[in-house]
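# Structural description and commentary
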Amino acid sequence: AIVLLFAYLLYMQKNKIIKPLSHLIYGISLMIKHMGIFQFPYFLSKQKSLLDKAVFIFLALSPFLLLTFFFMDFSLVGVANDLITQSGENPISYTGVKYVWSYSRIEMHLTTSVFNLPQVHDFFAKVYPIITLFMFLIMFIYFYKNKHINYLDGIIMSFLFYYVINAGFGLHYVMWILPFAVLRLNIFYYLYTALASAMLLLAYYGNANEFWFVRDAIGISIFGEILWAVTIIWFIWYLRKISKNKASLT
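The rules behind each value
Residues numbered from 1 in each chain as written. Predicted model: local features only at pLDDT ≥ 70, side-chain atom pairs only at ≥ 80, totals over all residues. Heavy atoms only, no water. Helix = DSSP H or I, 4+ residues; strand = E, 2+ residues; numbered from the N terminus. Contact = heavy atoms within 4.5 Å. Buried < 20%, exposed > 50% of the residue type's maximum accessible area, 1.4 Å probe, protein only. Axes fitted to C-alpha atoms, helices over the stretch in contact; angles between N-to-C directions. Parallel < 35°, antiparallel > 145°, perpendicular 65-115°, else oblique. Left-handed = near helix turned anticlockwise from the far one by under 90°. Patch = residues over 30% accessible without salt bridge, like charges linked within 9 Å, V, L, I, M, F, W, Y side chains within 5 Å. Areas by Shrake-Rupley, 256 points an atom, 1.4 Å probe, with all protein chains shown as cover. Salt bridge = Lys/Arg side-chain N within 4 Å of Asp/Glu carboxyl O. Phe/Tyr/Trp six-rings, centres within 6.5 Å; stacked < 30°, edge-to-face > 60°.

Another aspect to go through is the side chain of H121. Structurally, the position occupied by H121 is in helix 7 (residues 118-145). In this view, H121 contacts Y99, E107, M108, T111 and T112; residues no more than four positions away in its chain are not counted.

Shown next, in the form of structure tokens:
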């Protein structure tokens, strides 16, 4: 999936005239793994006309939808039922693991361990999916208003958007940004890589050997939250950089 997303990036950078069928490269990447979905608002914002946007949406989502319908016996009713029941193993109801990253980790600790407020915890659990959908809307509006952002920076910023705002997070997600961030070497890349490596090493080592304190307290709660803080600073740095670039163009 990363290779195809990278191939799509290279094509977009080297071709001023975008051939619609090239969007299938991105679509196949989404079909293999959902990591590229965070770039969807950015890529959509780069389409010039309403027709271009419609073609992009159709070609980018077609491979995933065709694969989904295949496992659902090509039944739209089956997809709808599965969305309602969320039963079984399926790609639609899949989500990142909550409470291992960012504010969801802090919220769970405060509402369950410190203050014992299960009602508040249940409320946030229901709100998290809404936050995710709202995040995609914010991303599209931001990128639509900042069309001067190049493809590489757009992909990196899309990952940072997700890392900062989303509540669901699998530990391996931290690696997804690296093939693109390495092309923008700076202090944040090195700091992020060091902290992410430490977090993953401690989390997986603790999990494999049943050292829960090493996994949860040190790996996720300490290194993970420090990594999240660095990601926030990195994201803010990017926002300021883009703002300065936009000002210089006007």
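Anyway, onward from the coordinates.
Before going further, it helps to examine the side chain of T231. In this fold, T231 is placed in helix 11 (residues 212-249). In this structure T231 comes out as buried when scored by relative accessible area, which is 0%. Excluding its chain neighbours within four sequence positions, the residues that come into contact with T231 are W101, L160, Y163, V164 and Y192.

Turning our eyes to something else, we now look at unusual backbone geometry. At S102, a position not held by glycine, the phi torsion is positive, near 60°. Looking at the element boundaries, S102 is found in helix 6 (residues 102-114). Residue class for S102 comes out buried when judged on its relative accessible area of 0%. Phi at N116 is positive, roughly 55°, even though this residue is not glycine. Positionally, N116 belongs in the loop between helix 6 and helix 7. Of the residues examined, N116 reaches a relative accessible area of 56% and is grouped as exposed.

Across the interface, helix 7 lies against helix 8 (residues 151-165) with an axial gap of 11 Å and an inter-helix angle of 150°. Our classification of the angle between helix 7 and helix 8 gives roughly antiparallel. Once helix 7 is placed against helix 8, the crossing between them reads as right-handed. Touching I131, M135, I138, M139, Y142 and F143 of helix 7 are G154, M157, S158, F161, Y162 and I165, all from helix 8.

In this section: a nonpolar patch on the surface. On the surface, I106, L110, V114, F115, L117, V120, F123 and F124 cluster together to form a nonpolar patch covering roughly 670 Å² of accessible area. Taken together, the elements giving at least two residues each to the nonpolar patch come down to helix 6 and helix 7.

For the rest of this paragraph, the subject is the packing of aromatic side chains. Any pair of aromatic rings gets described here by the distance separating the centres and the angle formed by the planes. Taken as a whole, this structure holds 33 aromatic pairs when the rule is applied. Here W101 and Y163 contribute two aromatic rings whose centre-to-centre distance is 6.5 Å and whose plane-to-plane angle is 70°, an arrangement assigned as edge-to-face. Separated by 62 residues along the polypeptide, W101 in the loop between helix 5 (76-85) and helix 6 and Y163 in helix 8 bring together distant segments of the chain. Residue Y163 is classed as buried on the basis of its relative accessible area, which comes to 0%.

Side-chain pairs of opposite charge can arise whenever the charged atoms involved come near each other. Under the counting rule described, the total for this entry stands at two salt bridges. Two residues, R184 and D153, come together in a salt bridge whose shortest N-O distance is 2.9 Å. Of this pair, R184 sits in the loop between helix 9 (178-181) and helix 10 (187-208) while D153 sits in helix 8; the two residues are 31 residues apart in sequence, bridging distant segments of the chain.

Mapping K98 onto the fold places it in the loop between helix 5 and helix 6. For K98 and A167, which are 69 residues apart along the polypeptide, the C-alpha to C-alpha distance reads 5.9 Å. Other than its neighbours up to four places away in sequence, K98 contacts S104, A125, Y128, A167 and G168.

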